[in-house]
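Given next are the chains, with one letter for each unit.
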Amino acid sequence: MKVVVVSDTHMTRMAKKLPDRLIQELRGADAIVHAGDWMTLSVWDMLRAFARTEGVAGNNDGDDIIAKFGHRKVLDIGGLRVGLVHGHLGPGKREDTETNAYRSFDQGSVDVIVFGHSHVPLIRERSGVLLFNPGSPTDKRRQKQYSFGIFTIEGGSLLTADHVYYDDKS
């Protein structure tokens, strides 16, 4: 099972359309997860045209997106328990998005935590849980490249968790 992982699309402020490099991977996706900062529900419509799309709201999302998705959820994707959160809420400092994301879920309740907010791609294991931030496909900030993620899941196990990096968001 192929899952495309995105966050921080910030549309239509940072892009008017989904980047071509992202669309390439969306065409073969079995599922899509979005870790917040959509900014408009039209992004959900764009993504779900490719595959089932789940998400959470981020700090830049309005009441409509918060009502639709909420701020935190646990998904069962191919038997894998995926915690999904933006990472802006929690006890950590603003710079400590990873800790905010990690503390959003009870120990043992998830296999993977997907989060966003910092726009910094990350993959790190913490106490048996894989933490994954896909970065942003449209707003790289201080990063060298735009990015998103791809998970390969089989039999309830995460086989691969990779970032896709690219230079052109058109």
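Q: Looking at this structure, how should I read the sheet that holds strand β7 (residues 122-126)?
A: Strand order in this open sheet of five strands is β4-β5-β6-β8-β7, and the pairing throughout is mixed. Of all the strands in the sheet, just β4 (72-77) and β7 have a single pairing partner and so form its edges. Taking the axes of each pair of neighbouring strands and ignoring which way they run, one obtains an average angle of 20 degrees across the sheet. Summarising the sheet, β4 and strand β5 (residues 80-85) pair through six bridges and their orientation is antiparallel. Paired with D76 across the bridge in β5 is R81.

Q: Where do I start with unusual backbone geometry in this structure?
A: Of note, the amide linkage connecting M11 to T12 takes the cis form, showing an omega dihedral of 10 degrees. Along the chain, T12 falls in the loop between β1 (2-6) and α1 (20-26). One non-glycine residue, D8, lies in the positive phi region at around 50 degrees. Within the secondary structure layout, D8 lies in the loop between β1 and α1.

Q: It is not clear to me how the nonpolar core should be interpreted in this structure. Could you clarify?
A: Nonpolar side chains in soluble globular proteins tend to be buried together. Ranked by internal contacts, the top residues of the largest apolar core, which has 23 residues, are V4, L47 and F148. Residues in contact with L47, not counting those within four places in the same chain, are V6, L18, L26, I32, H34, W38 and T53. The next biggest cluster of nonpolar side chains, apart from the first, holds 18 residues, and it includes A31, V33, V114 and F151.

Q: Would you mind showing me how to read the pattern of salt bridges here?
A: If charged atoms from side chains of opposite charge come close, those side chains can pair. The full count for this structure, using the stated rule, is ten salt bridges. With its nearest N and O atoms 2.8 Å apart, the salt bridge here joins K17 to D20. Overall, K17 belongs to the partly exposed group, its relative accessible area being 39%. Exposure remark for D20: the relative accessible area of 44% places this residue in the partly exposed category. Taking the shortest distance from any N to any O, the salt bridge between E54 and R52 comes out at 4.0 Å. Residue classification places R52 among the partly exposed positions, given a relative accessible area of 43%.

Cut-offs and rules
Counting restarts for each chain, with residues numbered from 1 along the sequence as it is written. With the structure being a predicted model, the display of local features is reserved for residues of pLDDT at least 70 and the display and counting of side-chain atom pairs for 80 or more, all residues being used for whole-chain, interface and lining totals. Note that the side-chain values use all heavy atoms of the structure and ignore hydrogens as well as water. Two strands make a pair as long as DSSP finds a minimum of two bridges between them. We count a stretch as a helix when DSSP gives it H or I for four or more residues in a row; a strand needs E for two or more, and each element gets its number in order from the N terminus. Angles here are taken between N-to-C directions and fall from 0 to 180 degrees, while the axes themselves are lines fitted to C-alpha atoms, restricted in helices to the stretch in contact. Buried Ala, Val, Leu, Ile, Met, Phe, Trp, Tyr and Cys residues form a nonpolar core when they are joined through side-chain atoms within 4.5 Å. Burial classification: accessible surface area is computed with a 1.4 Å probe over protein chains only, and a residue below 20% of its type maximum counts as buried, one above 50% as exposed, and the rest as partly exposed. Throughout, a contact is declared for two residues whenever any of their heavy atoms are within 4.5 Å. What counts as a salt bridge is simple: a side-chain nitrogen of Lys or Arg found within 4 Å of a carboxyl oxygen of Asp or Glu.

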